[in-house]
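Observations on the model geometry
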Amino acid sequence: MRSTVFALATATTAICFFGATGSASAGHGETVCTWGGTPAAPTGVATFSPGITNTPSTGPIQFTATGVLAGSGCTGKLTYTGYFEPGHTCALNTAFHAKVTGLPRVVRVEGQPGVAGTALALLYDADGNVVGSDQAQFLTTVANESDPGFMSCGTPQGLTEGFWSDTVELFASNR
């Protein structure tokens, strides 16, 4: 259990670092939006089937992540619908692939493997061009807001629903 908590603490630190560096680049014509609130007040909802556990998954894990966009020029509801590749755990994420709805020009997202959601995800247009990126922060609470979401990872059903927040950056050269 202590190693899981250490991995999650390390991931939280990395998320905060990467989130800050991603936002710092705004100002060169990029559009930076929040999606699903902020780390201090997450409002995005993600569901997973089957639930994510501490044991590597033997098959893909289907997910839906949805939340409200906010920021300069960012409005509406953004949704990812896709799957994590086999081997996914609460501490170590596999690559993921998802359809994107609600963000102009963006049709899909591809996430790379990483520690507990720290890997950058790239946003693609219909022609396969990279038009942006995102950095999610999933280490918040479960839907009932009473326990940290990662505590569900040690249960047989795993983490099936949780709140999160995200920073989405759309690149200026591809607008």
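Up top is the structure these notes are about.
Parameters at a glance
Residues numbered from 1 in each chain as written. Predicted model: local features only at pLDDT ≥ 70, side-chain atom pairs only at ≥ 80, totals over all residues. Heavy atoms only, no water. Pairing = 2+ DSSP bridges. Helix = DSSP H or I, 4+ residues; strand = E, 2+ residues; numbered from the N terminus. Buried < 20%, exposed > 50% of the residue type's maximum accessible area, 1.4 Å probe, protein only. Contact = heavy atoms within 4.5 Å. Polar contact = N/O pair within 3.5 Å; in protein donor to acceptor, adjacent residues only side chain to side chain. Salt bridge = Lys/Arg side-chain N within 4 Å of Asp/Glu carboxyl O. Disulfide = S-S within 2.5 Å.

Moving on to the pairing of strand β11 (residues 121–124). Bridge analysis of strand β9 (residues 108–111) against β11 gives four bridges, and the strand direction is antiparallel. When the sheet's bridge partners are listed, E110 is paired in β11 with L122. Sheet analysis places β11 next to strand β12 (residues 130–137), joined by four bridges and oriented antiparallel. What sits directly across from Y124, in β12, is V130. The loop that links β11 with its antiparallel partner β12 comprises five residues; one of these, G128, has a positive phi angle of about 85°.

Here we come to the environment of D166. Position of D166 relative to the elements: it lies in strand β13 (residues 159–170). By relative accessible area, which is 5% here, D166 ends up buried. Remark: the alpha-carbon pair of D166 and G44, spanning 122 residues in sequence, is separated by 8.2 Å. Once residues within four sequence positions are removed from consideration, D166 is found in contact with C33, T34, W35, G37, D134, Q135 and A136. For D166, the side chain forms a polar contact with the main-chain nitrogen of Q135, separated by 3.1 Å.

One side chain can pair with another of opposite charge once the charged atoms of both are near each other. Applying the stated criterion to the full structure yields one salt bridge. One salt bridge connects E110 with R108, and the closest N-O pair in it is separated by 3.0 Å. On the basis of relative accessibility, which here comes to 17%, the residue E110 falls in the buried class.

Moving on: the state of the cysteines. Taken as a whole and judged by the stated rule, the model has two disulfides. What pairs with C33 in a disulfide is C74, and their sulfur atoms sit 1.8 Å apart. Handedness here is read from the sign of the S-S torsion; for C33 and C74, about -60°, the answer is left-handed. Of this pair, C33 sits in strand β1 (residues 31–35) while C74 is found in the loop between β5 (61–70) and β6 (77–84), placing the two residues 41 residues apart along the sequence. Considered together, C33 and C74 belong to a single accessibility category, that of buried residues. Paired by a disulfide, C90 and C153 hold their sulfur atoms 1.8 Å apart. When the S-S torsion is -90°, as for the bridge of C90 with C153, the disulfide is left-handed. Of this pair, C90 sits in the loop between β6 and β7 (92–93) while C153 sits in the loop between β12 and β13, and the two are 63 residues apart along the sequence. Exposure remark for C90: the relative accessible area of 12% places this residue in the buried category. Here C153 falls in the buried class, since its relative accessible area comes to 4%. When the bonded cysteines of the protein are counted from the start of the sequence, the pairing works out to 1-2, 3-4.

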